[in-house]
Amino acid sequence: MPELPEVETTLCGIRPHLLQQRVCKVIIRQTQLRWEIPKILPQQLKQQRLLTIHRRAKYLLFQFDNGYLLIHLGMSGSLRIVSTLEPIPKHAHVDIQFDNTLWLRYIDPRRFGAILWLGQDPFHHPLLQHLGLEPFDPAFTGVYLYQKAKGKRIAIKPFIMDQKIVTGVGNIYATEALFHSGIHPARAAGRIAKKRYDTLVTAIQQILQQAIQQGGTTLKDFSQSNGKPGYFTQSLQIYGYPGQPCPRCNQQLKLISLNNRSSVYCPRCQT
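Residues numbered from 1 in each chain as written. Predicted model: local features only at pLDDT ≥ 70, side-chain atom pairs only at ≥ 80, totals over all residues. Heavy atoms only, no water.

Glancing now at the packing of aromatic side chains. Each pair of aromatic rings is reported with the distance of its centres and the angle of its planes. Applying the stated criterion across every chain, the model contains 2 aromatic pairs. Ring centres of Phe 140 and Tyr 144 lie 6.2 Å apart, and the angle between their planes is 70 degrees; this geometry places the pair in the edge-to-face category. In this pair, the class of Phe 140 matches that of Tyr 144, namely buried. With a centroid separation of 6.5 Å and 65 degrees between ring planes, the pair formed by Tyr 146 and Tyr 197 is classed as edge-to-face. With a gap of 51 residues between them, Tyr 146 in helix 3 (residues 142-149) and Tyr 197 in helix 6 (residues 194-213) connect regions that are remote in the sequence. Given a relative accessible area of 32%, Tyr 146 falls into the partly exposed group. Given a relative accessible area of 0%, Tyr 197 falls into the buried group. (Phe/Tyr/Trp six-rings, centres within 6.5 Å; stacked < 30°, edge-to-face > 60°. Buried < 20%, exposed > 50% of the residue type's maximum accessible area, 1.4 Å probe, protein only. Helix = DSSP H or I, 4+ residues; strand = E, 2+ residues; numbered from the N terminus.)

Below, the structure written as structure tokens:
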């Protein structure tokens, strides 16, 4: 599933080509994604100028003259900039043409993504209104996590993956950040010292930033807006390597399940 670095990589790839361009045409080949694409979307977007594109958590928000379009990549979605409609690949569900002759193409084999019209007040939409801090927000600190965790018995890994606490820390990046900060993924969030939360916040930010710089992580479906894969997979330390030696101490890496998500950790380095 595309996580924050993959969505940020997509944003950086498409934004320079589309800003201040007007929509000429919208082609919808498949309306049934996670939610049905509004049938009036072509009329809503026609001749509207794209003012900005920004990311909130794992959502892309396209601000037009008359409101906001939300795109979520779901499990397998991607956005591509193309100069011609031919050939049309399988699972190319939506194409939006701009007046610079470029097309924004939405591809989604599993159809778990979303394209929704939010109008002029997007941040009160149910998908966005309860989201937590962005991981690069100055307010996201060790103190913030420490205070949010007080009295909580939930394991630290699902705690930092909770989008109401902090956005965009998916399974891969949570696994890597906990390893880098030496914290056992099953340790209760409320039993971690503030100093360790300082270290964890730094690890989360550094790993996400590194993943963005390397174009995200390609595991199954993700590729960048230019069709190239992300290369952060080559930098993964422990995710996907259960049973292999720890890169720090050579202890065998273990695999456990937390909230129905697999989690790899080192029993010696992470306490």
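We now examine helix 3. Taken residue by residue, helix 3 has Gly 142, Tyr 144, Leu 145 and Ala 149 as its buried positions. Down the axis of helix 3, the buried set is contained in an arc of 160 degrees. They therefore lie on one face. On its buried side, helix 3 packs onto helix 4 (156-160) and helix 6. (Arc of directions from axis to C-beta. Contact = heavy atoms within 4.5 Å.)

Turning next to the sheet that holds strand 4 (residues 67-72). The strand order across the open sheet formed by 4 strands is 2-3-4-8, and the pairing between neighbours is antiparallel. Strand pairing shows two members of the sheet lacking a second neighbour, strand 2 (50-56) and strand 8 (114-119), which therefore form its edges. For this sheet, the mean angle separating the axes of adjacent strands, direction not counted, is 20 degrees. Relative to strand 8, strand 4 runs antiparallel, the two sharing 5 bridges. The residue bridging Ile 71 from the neighbouring strand is Ile 115, located in strand 8. The strands touched by helix 1 (residues 4-18) are strand 2 and strand 3 (59-64); relative to strand 2, the strand with the most contacts, the crossing angle is about 170 degrees. (Pairing = 2+ DSSP bridges. Axes fitted to C-alpha atoms, helices over the stretch in contact; angles between N-to-C directions.)

Assignment of secondary structure puts Thr 9 in helix 1. Expressed as a C-alpha distance, the spacing of Thr 9 and Ala 211, which sit 202 residues apart in the sequence, is 9.0 Å.

Residues Leu 145, Ile 156, Phe 159, Ile 160, Tyr 197 and Leu 200 are the most contacted members of the largest nonpolar core, which totals 29 residues. Going through the elements one at a time, helix 3, helix 4, helix 5 (171-181) and helix 6 are the ones with two or more residues in this core. Broken down by element, this core gets its largest block of residues, 8 residues, from helix 6. Residues within four places of Leu 200 in sequence aside, it is in contact with Leu 145, Ile 156, Ile 160, Ala 177, Leu 178, Ser 181 and Ile 183. Ranked by size, the runner-up nonpolar core spans 26 residues in total, among them Val 26, Leu 33, Leu 45 and Leu 73. (Core = buried A, V, L, I, M, F, W, Y, C linked by side-chain atoms within 4.5 Å.)

The next subject is the environment of Lys 157. For Lys 157, the position within the fold is in helix 4. Apart from residues lying up to four places away in sequence, Lys 157 is in contact with Asn 171, Ala 174, Thr 175, Leu 178, Pro 185, Leu 258, Ser 262 and Ser 263. Side-chain polar atoms of Lys 157 contact the side chain of Thr 175, separated by 3.0 Å. (Polar contact = N/O pair within 3.5 Å; in protein donor to acceptor, adjacent residues only side chain to side chain.)

Here Asp 95 shows up in strand 6 (residues 92-98). What makes Asp 95 buried here is its relative accessible area of 0%. Here Arg 29 takes part through its side chain, which lies 2.6 Å from a polar atom of the side chain of Asp 95. Not counting residues up to four positions away in its chain, the partners in contact with Asp 95 are Lys 25, Val 26, Ile 27, Arg 29, Leu 85, Trp 103, Leu 104 and Arg 105.

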